[in-house]
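# What the coordinates show
Next come the chains, spelled out residue by residue.
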Amino acid sequence: IRNLDNACEVLRLFRIHPPFANSRLAHRVWQVSREYVTEQGHDGKRGRLDLHLVIPNLISIQVEVKRGDADTADTAKQAGYALSARRYGVPKESRFYCLIATSAGGDLYEGRYVPVTWKHISSTLRCLTMAYIQRGGITKASLFLGFAGAIEQDLLGYPAHVARRVQAGSGGTVPSAL
């Protein structure tokens, strides 16, 4: 998140469409917190939100990260997490909740969390890579490609042997799923 050059790229990554013009995000920087402690998680207990992004008085994004699918994940605690979004003076219509998972059967989960797939994250990072290369951001582009590759192999199960064969020039094609 911190390696993205502008706030709008974060919105693209999480499929968020705010109720205001993206131009309001120009030159704004996200405050990013990992393992953000919330007053509520599971009933009667505090929680730890995986990722919390905020631009005070404008927009906030709560992100829960799952290594598997959304339908079998523990999402009950997310309702408590959502209650913590009142901080930072962000209007209710500008508070967003994302559940990153390998797949999702539903459109909305506990606490108003909207699923975003790891496939979307990896493909968005790959798309952003070209723009960064054109602007001379080779290091950031490399980071994005490395992270996209890790997602694709470790979480989505794309075969590593195909990539090795293509890189070695010994033939083979990249599966259409990529």
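Below or above, wherever it landed, is the structure these notes cover. (Residues numbered from 1 in each chain as written. Predicted model: local features only at pLDDT ≥ 70, side-chain atom pairs only at ≥ 80, totals over all residues. Heavy atoms only, no water.)

### Quick notes on a nonpolar patch on the surface
Side chains of Met130, Ile133 and Ile138 sit close together on the surface and give an oily, nonpolar patch of about 270 Å² of accessible area. Tracing the backbone shows Ile133 in helix α3 (residues 118-134). For Ile133, a relative accessible area of 34% corresponds to the partly exposed category. (Patch = residues over 30% accessible without salt bridge, like charges linked within 9 Å, V, L, I, M, F, W, Y side chains within 5 Å. Areas by Shrake-Rupley, 256 points an atom, 1.4 Å probe, with all protein chains shown as cover. Salt bridge = Lys/Arg side-chain N within 4 Å of Asp/Glu carboxyl O. Helix = DSSP H or I, 4+ residues; strand = E, 2+ residues; numbered from the N terminus. Buried < 20%, exposed > 50% of the residue type's maximum accessible area, 1.4 Å probe, protein only.)

### Describing helix α4 (residues 138-155)
Between its terminal C-alpha atoms α4 stretches 25 Å, which fits the 26 Å expected from 18 residues at 1.5 Å a residue. Along α4, the residues that are buried comprise Ala141, Phe144, Ala148, Gly149, Ile151, Glu152 and Leu155. Residues of α4 that are buried make contact with α3. One or two positions beyond α4, positive phi appears at Gly157, with a value near 75 degrees. (Expected span 1.5 Å × (residues − 1). Contact = heavy atoms within 4.5 Å.)

### Brief notes about the environment of Val116
Tracing the backbone through its elements, the reader meets Val116 in strand β5 (residues 114-117). C-alpha of Val116 to C-alpha of Phe14: the two residues are 102 residues apart in sequence and 6.4 Å apart in space. When sequence neighbours within four positions are dropped, the list of residues in contact with Val116 reads Leu13, Phe14, Cys98, Leu99, Ile100, Ala101 and Ile121.

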